[in-house]
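# Notes for the structure review
So the chains spell out like this:
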Amino acid sequence: MADIGEKAQKNPRVPMPEQDPKVRARNFLEVPTGYTMKMAQEEASRCLQCKKPGCVSGCPVGVDIPGFIDLIAQGDMSGAIRNLWRKNSLPAVCGRVCPQEIQCEGQCIVGKKGQPVAIGNLERFCADYEREHGTGELPPKQPATGKKVAVVGSGPSGLTVAGDLIVKGHDVTIFEAFHKPGGVLVYGIPEFRLPKSIVAQEVNFLARLGVKVECNAVVGRTVSLDELFAEGYEAIYVGVGAGLPKFMNLPGENLVGILSANEYLTRANLMKAYQYPDVDTPIPHGKNVVVLGAGNVAMDSARTAMRLGAETVKIVYRRSREEMPARAAEIHHAEEEGIEMCLLTNPTRYLGNDKGRLTGMECLRMELGEPDSSGRRRPIPIKGSEYQIDCDLCIVAVGSGANPLLTSETSDMQLNKWGYIITDPQTGKTTKKGVWAGGDIVTGAATVILAMGAGRQAADSIHNYLTLGW
Amino acid sequence: MFKIVRRQEMSGGTVILNEIEAPLIAKKARPGQFVILKANEDGERIPLTMADTDPAKGTITIIYMVVGKSTALFRDLQVGDSYQDVIGPLGKATHLEKVGKVICVGGGTGVAVLHPITRALKEIGNDVTCIIGARTKDLLILEDEMRRASHDLRVCTDDGSYGHHGFVTQVMQEILDAGGVKLVVAIGPVPMMKAVSNITKNYEVPTMVSLNPIMVDGTGMCGGCRVTIGGETKFACVDGPEFDGHKVDYDELILRLRAYQEEERESHDHYCRIRDAR
């Protein structure tokens, strides 16, 4: 082990080139600009090619990480992307948004003594290389089975299911409630972290394989699950996401200037409101912005506010830095861009003027007590520590609940007490025959890769059902 | 794409009717539900409650007032042109029940929203009196349609140019005084719905209003359309758009509807400059 440690320290990871923080804090271009071939090969050479690779066990979809990295080292980029595609249909997305530090890279032996191999950066490089230099050759498809499958929702899990089933020969149609496919990848994750052209390309790839995409189709309203069965669909996958914003339930929450992160990011990303008035959807431009919460969505909101010209942007979070749920890279990028972290701080009420507009909020300082049910130390208010923060825009990014639009119209599908769909953990089968579910509408708000893992599992089960039976 | 098959200008061109091909929505829609429309790629998503549907023909009808850039873009669309996106039917349908004597009160383009609800209330056997109003005679819409949809139609104009000289609330109060009214449905500008609700509260007559807050997705995802109903926050897109008129916080709704006033002015001016330059 001493050997590995020495090697790791002498051989640091190839840094990802990035836009300068001062410049990028005011534009919407992607922050990391990507490895060159030389950088990628140098980074790939740091991989020890472990016999029992920890990284693979840390990956929710079990990508053959040493395998694709070895192919990069050999310069076989076509082989590398094909290796990745075997387990992951959205590598350009995952390379950018996976929390690698707690998954693959968190298990990397090189990382025990130094910095782990930059698996995410390499995955991204493969996908970008294929997009820019690849032949565009489609994977082989099995002969048509004549079985129709409906996929409800075009986020990461729906896209995975569609991609898996189309190559197995099934006739797949995706139903998307918004006017554009991609789900959270287009309405939630900002352009500077995941360019929309990349998502469009991934969807286009599926379309070229034969997947049909019906936008503006609100399943549960425009059409019900039973009507889809009546139209000849034999299996349905429900991957509609969580999609119900949580608020803090504090006095003054309906003042103008308080938005859910869902609304703020949807305006900025899907509706491209940062180009207003060249596009028609407005977005509030805060001078002093507060974001409540400390997950990835909070970081995305804060960094978007900065790019829209805010003078100050504060993250207000009731726990400490250690408990912040965002990816390490997002917190790092946010701080580099000038976003302040107001930790151990909890808002108690919003303050407004006679026009019903937000002018500030009252907060309490907190200290950490004993661990709570989540295993994290419980924040306890410090008596008499109230103070005010001036702000004219507040983005509430404290999580999502289960959106009942589809589930409330499907009485024969069981839900848990929070409204999430109950599924068999091995297969994704719901209690309604012929219906599978996965992603955030089953687990509650989680990550892109976990949703994709659930999609992969369900796709296998749907294929078995269509060929063998329920 | 959703093609416009019929277009009609009303109220001196300030109000437009579009009948749009949307067979899936036409088949499913019930009175009180709304759609979201988007004119083109960079357009804004605009929620509008349907004024009519024709399931056999596969069309829906919307009626809107031209107030800003987005509705100005809608106005430019002619028969044969298409909306890029139409999403629906959204929101809960009107709770329709035979209760007896009903008053339907409509103001401005709210009359359009009121139309299918009035007709449905009549069809299931209610005795429906309808009161519609506008600032002046030329701004009045759907008079003939509302006459057919109800048993008795009263018309009011603020300036006395037609029908009763005064507000819809005055005529409503006279009917309420006569007694026996079991339900009031009021749809129109927020101040009108507020005034109607304040009066009917005194008469203890259940009152239903249809709200039109700012929204983005219309599926409960953004929470932009939050309204306070009896002290509780509700999402108009999924919990509404219809609510108990006696419980709505109208003052908050009025303030929230002004959220983008400055931006809208900027956008409309920007649009007019570009259009005039062409």
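The structure under discussion appears in the preceding block.
The sections below set out a description of the structure shown in this document. Predicted model only: the values in this text are computed from it and were never measured.

## Comments concerning the overall build of chain A
Helix and strand counts for chain A come out as 19 helices and 16 strands. Taking 2.2 N^0.38 as the reference for a compact globule, 470 residues should give roughly 23 Å; the C-alpha atoms of chain A span a radius of gyration of 23 Å, in line with that estimate. In the structure as shown, chain A presents an accessible area of about 18900 Å², 51% of it carried by carbon and sulfur atoms. The average position of the 52 basic charges and that of the 53 acidic charges among the side chains of chain A differ by 2 Å.

## Comments concerning the pattern of salt bridges
Any two side chains of opposite charge can pair, on the condition that their charged atoms come close. For the structure on display, the rule yields 42 salt bridges over all chains. For the salt bridge of K168 of chain A with D460 of chain A, the shortest nitrogen-to-oxygen distance reads 3.6 Å. Placement of the pair is K168 of chain A in the loop between α10 (156-167) and β2 (171-175) and D460 of chain A in helix α19 (residues 448-468), with a sequence separation of 292 residues. Note that K38 of chain B is salt-bridged to D85 of chain B, the shortest N-O span being 3.0 Å. Placement of the pair is K38 of chain B in strand β3 (residues 34-38) and D85 of chain B in strand β8 (residues 85-90), with a sequence separation of 47 residues. Exposure class is identical for K38 of chain B and D85 of chain B. Each is buried. Several salt bridges converge on common partners, so that one network encompasses E18, R24, R193, D300, R303, R307, R327, E330, E336 and E337 of chain A.

## Details of unusual backbone geometry
Cis geometry marks the peptide bond from Y276 of chain A to P277 of chain A, where omega comes out at 5°. Within the secondary structure layout, P277 of chain A lies in the loop between α14 (261-268) and β7 (288-292). The step from G240 of chain B to P241 of chain B runs through a cis peptide bond, and the omega angle for that step is 15°. Positive phi outside glycine occurs at E204 of chain B, with the angle close to 55°. For E204 of chain B, the position within the fold is in the loop between α6 (190-203) and β14 (207-210). With relative accessibility at 72%, the residue E204 of chain B sits in the exposed group.

## Some thoughts on the interface of chain A and chain B
Contact with chain A, which involves 43 residues of that partner, is made by 46 residues of chain B. Taken together, both faces of the contact between chain A and chain B bury some 3600 Å²; the carbon and sulfur share is 52%. Its largest share of buried area at the contact with chain B, chain A owes to R221, N254 and D280 of chain A, together 21% of the area lost on that side. Here chain A is connected to chain B by five salt bridges. For D280 of chain A, the salt bridge identified is with K69 of chain B, shortest N-O distance 2.3 Å. On the surface where chain A and chain B come into contact, there are 23 residue pairs in polar contact (both at pLDDT 80 or more). For the side of chain A that touches chain B, the leading source of residues is α14 of chain A, giving four residues. Its residues assigned to classes, the side of chain A that touches chain B shows 20 nonpolar, 12 polar and 11 charged.

Rules used in this analysis
- Residues take numbers from 1 onward in each chain, read along the sequence in its written order.
- Here chains are named by letter from A upward and ligands by number from 1 upward, in the order in which they appear as written.
- Given that this is a predicted model, residues contribute local features only at a pLDDT of at least 70 and side-chain atom pairs are listed and counted only at 80 or more, while totals for whole chains, interfaces and linings are drawn from all residues.
- Just so you know, side-chain values use all the structure's heavy atoms and leave hydrogens and water out.
- Runs of H or I in DSSP of at least four residues are treated as helices and runs of E of at least two as strands, each being numbered from the N terminus.
- For the radius of gyration, the atoms used are the C-alpha atoms, and the globule rule reads 2.2 Å times the number of residues raised to 0.38.
- Only the protein chains shown count as cover for residues, with accessible areas throughout obtained via the Shrake-Rupley method and a probe of 1.4 Å.
- Charged-residue counts in this description rest on Lys and Arg as positive and Asp and Glu as negative, His and the chain ends being excluded.
- Lys charges are placed at NZ, Arg charges at CZ, Asp charges at CG and Glu charges at CD.
- Each salt bridge in this description consists of a side-chain nitrogen of Lys or Arg and a carboxyl oxygen of Asp or Glu lying within 4 Å of one another.
- Burial here depends on accessible area, computed with a 1.4 Å probe over protein chains only, as a share of the maximum for the residue type. Under 20% is buried, over 50% is exposed, and the range in between is partly exposed.
- In what follows, residue pairs with any heavy atoms lying within 4.5 Å of each other are defined as contacts.
- Values labelled buried area give the accessible surface lost by two parts on being combined, using a 1.4 Å probe and summing over both.
- Between N or O atoms, a polar contact is any pair within 3.5 Å; within protein, one atom must be a potential hydrogen donor and the other a potential acceptor, and residues adjacent in sequence are included only when both atoms are from side chains.
- Under the scheme applied, nonpolar residues are Ala, Val, Leu, Ile, Met, Phe, Trp, Tyr, Cys and Pro; charged residues are Asp, Glu, Lys and Arg; polar residues are all the others, including Gly.

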